[in-house]
Amino acid sequence: MLFVMALAVSTVLIFMPQSLEDIDRSAEGGSVSGNLLEEANQAILSGRSFKCSEKELNDHLRRVIDAREASGFEIFAEFKNLLVKLNENSIEIIFERKVLGIVSTVSAQLSLKVFTEGTSRMTEVKVIGGRFGSFPVTRNFVGLIRKALMNVGNVLVPEKEVLSHLGGITVSDGWLILKPHA
């Protein structure tokens, strides 16, 4: 009986989207300006740190990501947004969709770390968990959206190039700070 109740509660939580109210972003339909990538690149290459707000990052993603549902799925699903929530020491990437007119979310929580290996610096992106709707899941379940995460990485090649020039990354509540090589 307890198992059936736990299964029922988890099913409800999966279909109940996570709250997006606390994510800082421009209003839908609002204009998005600025070239965040260029500003970050100039700061890092000139040896200065670059501080970026959650709102600026979400606005940048809205400007550069043009996602659609896979062929055949667009009949009943519509991609709405790719959002980023900057938490203390982690970044949560949230995919927001409408499925049969109902808002649905799935997310992956990532940690970022810059380290030196030999003579080169590398940025490690590690999945530490996620959510299917409001239901928290372990990193193993986030593997179910691995292809979507890889597609985002493929679109953000210029942004990944900036990451290759970093000496450090700090993620705090609402802020991303990129530090140049020392």
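Residues numbered from 1 in each chain as written. Predicted model: local features only at pLDDT ≥ 70, side-chain atom pairs only at ≥ 80, totals over all residues. Heavy atoms only, no water.

Novice: I would appreciate a short explanation of the overall build of the protein chain in the present structure.
Specialist: Helix and strand counts for the protein chain stand at six helices and eight strands. Moving toward the C terminus, one meets the helices and strands of the protein chain in the order α-α-β-α-β-β-β-β-β-α-α-α-β-β. Computed over C-alpha atoms, the radius of gyration of the protein chain comes to 18 Å, within 12% of the 16 Å expected from 2.2 N^0.38 for 182 residues, which places it in the range of a compact globule. In terms of overall dimensions, the protein chain has a C-alpha envelope of 60 × 40 × 30 Å along the principal axes. Within the protein chain, the proportion of its 182 residues that are buried is 36%. Put simply, of all contacts in the protein chain between residues at least 6 apart along the chain, 54% involve residues at least 24 apart. If you sum the accessible surface of the protein chain, you get close to 11,200 Å²; carbon and sulfur atoms cover 58% of it. Charge-centre separation for the protein chain: the mean point of 20 positive side chains lies 4 Å from the mean point of 21 negative side chains. (Helix = DSSP H or I, 4+ residues; strand = E, 2+ residues; numbered from the N terminus. Rg over C-alpha atoms; globule rule 2.2 N^0.38 Å. Buried < 20%, exposed > 50% of the residue type's maximum accessible area, 1.4 Å probe, protein only. Contact = heavy atoms within 4.5 Å. Areas by Shrake-Rupley, 256 points an atom, 1.4 Å probe, with all protein chains shown as cover. Lys, Arg positive; Asp, Glu negative; His and termini not counted. Charge placed at Lys NZ, Arg CZ, Asp CG, Glu CD.)

Novice: Explanation requested: the sheet that holds strand S8 (residues 175–180) in the structure shown.
Specialist: Pairing between the strands of a sheet is mediated by backbone hydrogen bonds and can be parallel or antiparallel. Pairing within the open sheet is antiparallel, and its three strands lie in the order S1-S8-S7. Because the sheet does not close on itself, it has two edges, and the strands there are strand S1 (50–53) and strand S7 (166–172). Each strand axis lies, on average, 15 degrees off the axis of its neighbour in the sheet, ignoring direction. Relative to S8, S1 runs antiparallel, the two sharing four bridges. Residue pairing across strands places Phe50 opposite Leu178, the latter belonging to S8. Along the sheet face, helix H2 (residues 36–45) touches S1, S7 and S8 and points at about 155 degrees away from the line of S1. (Pairing = 2+ DSSP bridges. Axes fitted to C-alpha atoms, helices over the stretch in contact; angles between N-to-C directions.)

Novice: So what exactly am I meant to see when it comes to the sheet that holds strand S3 (residues 90–99) here?
Specialist: The five strands are arranged S2-S3-S4-S5-S6 in an open sheet whose pairing can be described as antiparallel. Looking at strand neighbours, the two that pair on one side only are strand S2 (77–87) and strand S6 (135–137), the edges of this open sheet. Looking at each pair of strands side by side, their axes are set apart by 25 degrees on average, direction ignored. Contacting S2, S3 and strand S4 (102–117), helix H5 (residues 146–155) crosses the sheet at an angle of about 110 degrees to S3.

Novice: Got a minute to help me understand the nonpolar core in this structure?
Specialist: Proteins that are soluble and globular tend to have nonpolar side chains buried together. In terms of nonpolar packing, the biggest core is built from 33 residues, with Phe50, Leu82, Phe95, Leu176 and Leu178 touching the most fellow members. The residues contacting Leu176, other than those within four sequence positions of it, are Phe50, Lys51, Cys52, Leu57, Leu86, Ile91, Ile169, Thr170 and Val171. (Core = buried A, V, L, I, M, F, W, Y, C linked by side-chain atoms within 4.5 Å.)

Novice: Just checking my understanding: could you explain H5 for this structure?
Specialist: Residue pairs three or four apart in sequence face the same way in an α-helix, which turns once every 3.6 residues. All buried positions along H5 are accounted for by Leu149, Val152 and Gly153. Here the buried residues of H5 occupy an arc of 100 degrees about the axis, which is enough to place them on one side. Turned more than 90 degrees away from the buried face of H5 sit Lys147 and Asn154, all of them exposed. Where H5 is buried, its residues meet S2, S3, S4, helix H4 (139–142) and helix H6 (157–163). (Arc of directions from axis to C-beta.)

Novice: Got a minute to help me understand the environment of Val162 in this structure?
Specialist: Tracing the backbone shows Val162 in helix H6. Judged by its relative accessible area of 5%, Val162 falls in the buried class. With 120 residues separating them along the chain, Val162 and Gln42 place their C-alpha atoms 9.5 Å apart. Non-local contacts of Val162, meaning those with residues more than four positions away in its chain, are made with Leu37, Ala40, Asn41 and Ile44.

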